[in-house]
Structures are given as structure tokens and as C-alpha cells.
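Chain by chain, the residues:
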Amino acid sequence: MIRIPRIVSILVFLSIIQLTACNDLNTRKVSIAKFAEQNQFNEKFYSTSLFTVASYQKVNELDKQVTIYIEGDGKSWINKRRVSNDPTPENPIALKLAANDESSSIIYLARPCQYMNLEREKYCSPIYWTTKRASREIIDSYHEIFEQIKMKTNIKTIRLVGYSGGGTITAILAAERSDIFDLRTVAGNLDIDMFTKIHQVSPLASSINPIELANKLYNVPQIHFYSSNDKIIPLSIIKNYQTIVTKVEPGLDCISIIDVKNASHEFGWVEEWHELHRLENQCVTIQD
């Protein structure tokens, strides 16, 4: 009987695990692309100064408004101590929300480094899906994409929808742009400092906290959907954000906060979205 050295057997075992994980990731990416195709979305990739960002979209060339969905953080961590080597989401909720939106012009944007061949992406370091997930570089990449969209279409104004960490991105973008006519978040992380304290994880020190820009959003109509069953994004995070926004102009109320009781952080939103995305919100003047 031939004995295989222990170190060799461990390396073989690790190689099998790595190969299995790689195959699983490729299968997941193919499955997501097939889902997008089945829902009449066209695949597109946007090149920015640092990143290539994956997109699925259907745009009516005559439309002047578009709804842009931004994905959550994806698989950024395997557990609290181990960073994922690829942030592609296992369950792309923002894409599924987009597929349940009947608007004539819809663009889904992944987060930088999701769905990509990371060996070809020079700047796709794990830091960009951990501590720098909402850094200036990331935000500027979306600004570049938005300008590319507007240059190549008739789009003038944008409704933003962000899921989870995508809500962080959409709030920052809405605060920095003048073409956002409506902001919506779904289980959105609107205060990353409070989030890290609640969950006792490392601060996202290299990311922009949307609550620091909240005073620029006092006149932007917005709906923030949350669930009282959500253990990841509690109501306190959204309420803290709302307090900052409404202090700017106490006589103006542009924020609606809606509890979707049939949802949790990752489940239930897609099933409810047919109705939820139709809700309208306008700024109202509060009489003394």
C-alpha cells in the first residue's frame, strides 16, 4: 500500500475545495445572466477610470426618465473574519426587484467587481467590497456611469433604487447630483457608523457615510422600505437618517418610511415589489 504524505493530501483537498468553489461561482454567474435574459434585459459593461461595472438593462430610447437599481454588497464576507474572494451576490435581490418593475426604462447596476473576471480587473482588491465599499473611488465610478448613460440616451432625470448596501450608494449619489428626482431604498444602510456599532464589526473607515450628506437631501422625495423582521438593518438606522434630513427644513417633509412586514433582510421584497414600486411620494409642507 502506497502512503500519500499528509501535506500532499491536504493540498489536494484544498485544491478540490477551490475548484468546487470556482465552479459554483461560474454556475451562479451563468444562472444570473440567464435570469436577466429571460426578463428581456440586455447585458452591458461600463468602463470607468478604475472599474468595469456590470449592468443589465432595457431602455426605451424615447424616455427622458430612467429607474436605476443598484445592487447590495453581495458576498463581501464569508463570515465575520473571512473576506470573500469574489463579491458576486448569491441572491441578486436588486436585479430581481428590477425584473418586477414595469417601467419602460430600467437599468440595473452591479457593484464594482461583481460578476467580473477578477484576474483581469486591476483595481478589484477585496478592500473595495469591505472597508472601501462606499469610498470616493466607488461613488465617482457611478457618477461616470451616469454621465455615460445620459450622453448616449435621452435620459434627463433618474429614480434611484438601492438594496441594502446599494442604499448607501444611492443616498450618496442623490446628495451629490441634481438629476435625481426620486430616491428609494430597500433595507438600505443609511448610517454605516451606526450599522457597524450595532453589529460590532470593524468601522468602514474608508467609506462615505450617507448620513453625513443627509442635509443635502431634505428636498428629494424618498421612500425607505424596511422590515420589522430585518435583523441586519433595524428601523433605528433609518430613523437616525430621517432626523438629520428633516432638521434642515422642519416645515418640509419628503420622507416616507414603510414597514414591509412580510419581508426580512433578504426575503420577501421581490414578492412585494409589484405593488411597492408603484407607490408615489411627494414632498409636503407641514403646517404649524
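Residues numbered from 1 in each chain as written. Predicted model: local features only at pLDDT ≥ 70, side-chain atom pairs only at ≥ 80, totals over all residues. Heavy atoms only, no water.

1. As for the nonpolar core
To be explicit about the condition: Working definition of a nonpolar core: buried Ala, Val, Leu, Ile, Met, Phe, Trp, Tyr and Cys residues. They are joined through side-chain atoms within 4.5 Å. Each residue gets one of three labels from its accessible area relative to the maximum for its type: buried under 20%, exposed over 50%, partly exposed in between, using a 1.4 Å probe on protein chains only. Contacts are assigned to residue pairs with any non-hydrogen atoms lying within 4.5 Å of each other.
Membership of the largest hydrophobic core comes to 73 residues, with the highest contact counts inside it found for Ile68, Leu109, Leu160 and Trp269. For Leu160, the contacting residues outside a window of four places in its chain are Ile68, Phe146, Thr170, Leu173, Ala174, Ile180, Asp182, Leu183 and Arg184.

2. Here we look at unusual backbone geometry
The condition is simple: Secondary structure elements are taken from DSSP: a helix is a run of H or I of four residues or more, a strand is a run of E of two residues or more, and numbering for both begins at the N terminus.
With a phi angle near 85°, Cys113 is a residue other than glycine that sits in the positive phi range. Topologically, Cys113 is positioned in the loop between strand E4 (106-109) and helix H3 (136-152). Cys113 sits in the buried class, given a relative accessible area of 0%. Of note, the phi angle at Ala187 is positive, near 50°, even though the residue is not glycine. As for its placement among the helices and strands, Ala187 is situated in the loop between strand E6 (180-186) and helix H5 (192-199).

3. Observations concerning the packing of aromatic side chains
Our working rule: For Phe, Tyr and Trp, where Trp contributes only its six-membered ring, two rings pair if their centres lie within 6.5 Å, and the inter-plane angle classes them as stacked under 30 degrees, edge-to-face over 60, or tilted in between.
Tallied over the entire structure, the rule returns six aromatic pairs. Plain terms: the ring middles of Phe51 and Tyr128 are 5.0 Å apart, the flat faces sit at 80° to each other, and that makes the pair edge-to-face. Placement of Phe51 in the loop between strand E1 (42-47) and strand E2 (52-58) and of Tyr128 in the loop between E4 and H3 is noted, with a sequence separation of 77 residues between them. The residues Phe51 and Tyr128 share a single accessibility class, namely buried. On the numbers, 6.4 Å between centres and 70° between planes, the contact of Tyr69 with Trp273 is edge-to-face. Linking Tyr69 in strand E3 (residues 65-70) with Trp273 in helix H7 (residues 269-276), this pair joins segments that are 204 residues apart in sequence.

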